[in-house]
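One-letter residues, chain by chain:
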Amino acid sequence: YWNKGYATEIGKEIISEAFKTTNIIGIYGMAEPENTASRRVLQKIGMKYLGINEFRDQKDAFYYIGRFVSHSFTIAVHNNEYLTINKQEFLGRSI
């Protein structure tokens, strides 16, 4: 099923339905930095690359798509805690 566009098609529909049927303001995606296929899907469904950061003791590439343009991002961290930082702070913490 690789290279047939299924993940892109499903991802676009999930995002569309989430924004139509809920009041969420944004969706985050993560992929292993070396997984270029998954990262490409996240880009093709409209997510913006935020950078590489550590999450749960693993480096991940972070992506975001939202209803609104914002200058800050909320990133989930351990134990259901959340950290809100601006893009410059996030990129400054990139590995």
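Up top is the structure these notes are about.
Just so it is clear, the structure is predicted and the values come from calculations on it, not from any experiment.

Reading the values: rules and limits
- Residues numbered from 1 in each chain as written.
- Predicted model: local features only at pLDDT ≥ 70, side-chain atom pairs only at ≥ 80, totals over all residues.
- Heavy atoms only, no water.
- Phe/Tyr/Trp six-rings, centres within 6.5 Å; stacked < 30°, edge-to-face > 60°.
- Helix = DSSP H or I, 4+ residues; strand = E, 2+ residues; numbered from the N terminus.
- Buried < 20%, exposed > 50% of the residue type's maximum accessible area, 1.4 Å probe, protein only.
- Pairing = 2+ DSSP bridges.
- Axes fitted to C-alpha atoms, helices over the stretch in contact; angles between N-to-C directions.
- Contact = heavy atoms within 4.5 Å.

A. Structural context of the packing of aromatic side chains. Summed over all chains, the structure comprises 3 aromatic pairs. Taking 5.3 Å as the distance between ring centres and 55° as the angle between the ring planes, the aromatic pair formed by Tyr 49 and Tyr 63 counts as tilted. One end of the pair, Tyr 49, is in strand S2 (residues 48-55); the other, Tyr 63, is in strand S3 (residues 58-66), with 14 residues separating them in the sequence. Residue classification places Tyr 49 among the partly exposed positions, given a relative accessible area of 38%. Centroid distance Phe 55 to Phe 62: 6.2 Å. Interplanar angle 90°. Geometry classified as edge-to-face.

B. Geometry of the sheet that holds strand S1 (residues 26-31). If you walk across this open sheet you meet the 3 strands as S1-S3-S2, and the pairing is antiparallel. Only two strands of the sheet have a single partner each, and these edge strands are S1 and S2. Geometrically, the sheet is characterised by an average inter-axis angle of 30° between neighbouring strands, direction not taken into account. Where S1 and S3 come together, 6 bridges link them in antiparallel fashion. Paired with Ala 31 across the bridge in S3 is Ala 61. Contacting S1 and S3, helix H1 (residues 6-21) crosses the sheet at an angle of about 155° to S1. The strands touched by helix H2 (residues 36-44) are S1, S2 and S3; relative to S1, the strand with the most contacts, the crossing angle is about 160°.

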